[in-house]
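In case you want the letters, here they are:
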Amino acid sequence: MDYQKLTEVMRRLALEAGDKIMEIYNSDDFEVKVKSDDSPVTAADEAADALISAGLRAAFPDVVLVTEEQAASHSEKADTFLIVDPLDGTKEFIHRRGDFTVNIAYVENGAPTRGVVYAPARNRMFYTLADGSAVEETGALDKGVIGHTAPINVSQADNDALLVVASKSHRDQATDDYINKYRVADSKSAGSSLKFCLVATGEADLYPRVGRTMEWDTAAGHAVLHGAGGKVVRFDDHSPLAYGKDGYANPFFIAYSPSVDLKEA
C-alpha cells in the first residue's frame with residue numbers, strides 16, 4: 001500500500017463527504033428511514049457512502065471494501081481491507097446534536113493501521129500520516145492542500161483522577177458500573193467515534209464500551225488512537241480488538257491510554 005496516497009485520498013474523501021452531509025444537515029427537512037436492524041439511515045448516510053465508495057474503488061481497485069451501507073460487502077472475507085462508516089452517529093445527526101463523524105480506515109492483518117475521523121459539524125479532523133502516527137488538522141481544511149497538523153498523543157493518566165468519556169446515546173448501568181471501578185475526576189459524554197479521538201488527544205484517558213458496535217464504527221477511531229499511542233482491547237479478557245470477524249460485529253471493548261491501570265470486567 002502507498003500510505004502517502006492512502007492518507008491523501010482518505011482525507012479528501014472525508015472532507016467531500018462532510019460537505020454532502022452538512023448540506024443535508026442544514027436543510028429544512030430530511031427523510032429518516034429504518035434499516036432491517038432497526039437502525040436509522042438518512043440521505044446523508046447514502047450520499048456520503050456513494051461518494052466515498054466510488055473514490056476508494058477508483059484509487060484502490062484491488063483492495064476489498066467493506067462499508068456499512070452496502071450489505072453485500074458484509075459477506076466479504078479478508079485480513080486486509082478498507083472499511084467505511086460514512087456517517088457514524090446517525091442519531092446525533094437526526095437530532096442535530098453535531099457529534100457525528102465520517103470514518104474511513106485501512107485494516108492490515110486484522111488490525112486498523114490507518115484511518116481518518118472527520119466531524120464536520122465540529123470542524124475537527126483527525127487522521128494517521130503515512131508513517132502511522134496520528135495528527136489533528138486545524139484551519140481551513142482545504143480539500144486540495146493539507147493544512148496545519150499537530151501531532152496528538154494519549155495522556156499520562158492520573159489513576160487517582162481519571163478523565164472518562166462514554167457514549168451519549170448508549171450510556172447504561174453496565175457502563176456506569178464499570179466506570180465506578182475507577183477513581184474518576186471527570187466523566188463526559190460524546191457521540192460517535194469522537195470518543196476514540198478524545199482519548200487520542202489526551203482529552204480523556206478511558207473509553208469503555210459495553211454495548212453493540214460494528215467494525216466500521218470503530219476502525220478509523222481505533223487507527224487514530226493507535227497512532228497516538230493508545231490501545232483498544234476486548235472488555236472480557238483485555239486481548240487486542242481484532243478486525244475481519246464474522247459479520248464484522250465487535251465484542252464489548254475498552255479504549256484507553258496505556259498509563260491507565262485497567263480494571264477487570
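Residues numbered from 1 in each chain as written. Predicted model: local features only at pLDDT ≥ 70, side-chain atom pairs only at ≥ 80, totals over all residues. Heavy atoms only, no water.

In the nomenclature of an unreviewed UniProt entry, the chain corresponds to 3'(2'),5'-bisphosphate nucleotidase CysQ from the organism Thalassovita aquimarina. In the Catalytic activity (unreviewed entry) part of its UniProt record, the chain is described as follows: "adenosine 3',5'-bisphosphate + H2O = AMP + phosphate". The annotation that UniProt attaches to the chain under Function (unreviewed entry) is "Converts adenosine-3',5'-bisphosphate (PAP) to AMP." (UniProt positions renumbered as here; feature names shortened; annotations may be inferred.)

Colleague: Sorry, what's going on with the pairing of strand S6 (residues 111-119) here?
Modeller: Most of S6 is tucked away: 8 of the 9 residues are buried. Sheet topology places strand S5 (residues 101-108) next to S6; 7 bridges connect them, and they run antiparallel. Bridging from a neighbouring strand, alanine 105 pairs with glycine 115 of S6. Inspection of the sheet shows S6 paired to strand S7 (residues 124-128) by 4 bridges, in the antiparallel sense. (Buried < 20%, exposed > 50% of the residue type's maximum accessible area, 1.4 Å probe, protein only. Helix = DSSP H or I, 4+ residues; strand = E, 2+ residues; numbered from the N terminus. Pairing = 2+ DSSP bridges.)

Colleague: Please clarify how the UniProt feature "binding site: Mg(2+) 2" (unreviewed entry) in the chain should be interpreted in this entry.
Modeller: Sites flagged by UniProt as "binding site: Mg(2+) 2" (unreviewed entry) map to Asp85, Asp88 and Asp217. A compact arrangement is adopted by the annotated residues: their sequence extent is 133 residues, whereas the largest C-alpha distance between any two is 6.4 Å. Mapped onto the secondary structure, aspartate 88 falls in strand S4 (residues 81-88). Secondary-structure assignment places aspartate 217 in helix H6 (residues 215-227). Those residues in contact with aspartate 217 that lie beyond four places of it in its chain are Asp85, Asp88, Ser193 and Phe196. Only 2.7 Å separates the side chain of aspartate 217 from the backbone nitrogen of methionine 214, close enough to count as a polar contact. (Contact = heavy atoms within 4.5 Å. Polar contact = N/O pair within 3.5 Å; in protein donor to acceptor, adjacent residues only side chain to side chain.)

Colleague: I would appreciate a short explanation of the UniProt feature "binding site: substrate" (unreviewed entry) in the chain in the present structure.
Modeller: What UniProt calls "binding site: substrate" (unreviewed entry) maps, in this numbering, to Glu68, Leu87, Asp88, Gly89, Thr90 and Asp217. Spanning 150 residues, the named residues nonetheless gather at one spot, since no C-alpha pair among them exceeds 12.5 Å. Relative to the helices and strands, leucine 87 is located in strand S4. For leucine 87, a relative accessible area of 1% corresponds to the buried category. Dropping the residues within four chain positions of it, leucine 87 is found in contact with Ile21, Thr42, Ala44, Asp45, Phe93, Phe100 and Thr101. Structurally, threonine 90 can be placed in helix H3 (residues 90-94). Owing to a relative accessible area of 10%, threonine 90 belongs among the buried residues under this scheme. Residues in contact with threonine 90, not counting those within four places in the same chain, are Pro40, Val41, Thr42 and Asp45. There is a polar contact of 3.0 Å between the side chain of threonine 90 and the side chain of aspartate 45.

Colleague: Explain unusual backbone geometry here, please?
Modeller: Trans is the prevailing form of peptide bonds, just as negative phi is the prevailing case for residues other than glycine. In the Ramachandran plot, arginine 96 falls in the positive-phi region, its phi being about 55 degrees despite a non-glycine side chain. Structurally, arginine 96 can be placed in the loop between H3 and S5. The phi dihedral of tyrosine 248 falls on the positive side, at around 60 degrees, and the residue is not glycine. Along the polypeptide, tyrosine 248 turns up in the loop between strand S14 (231-234) and strand S15 (249-250). Owing to a relative accessible area of 1%, tyrosine 248 belongs among the buried residues under this scheme.

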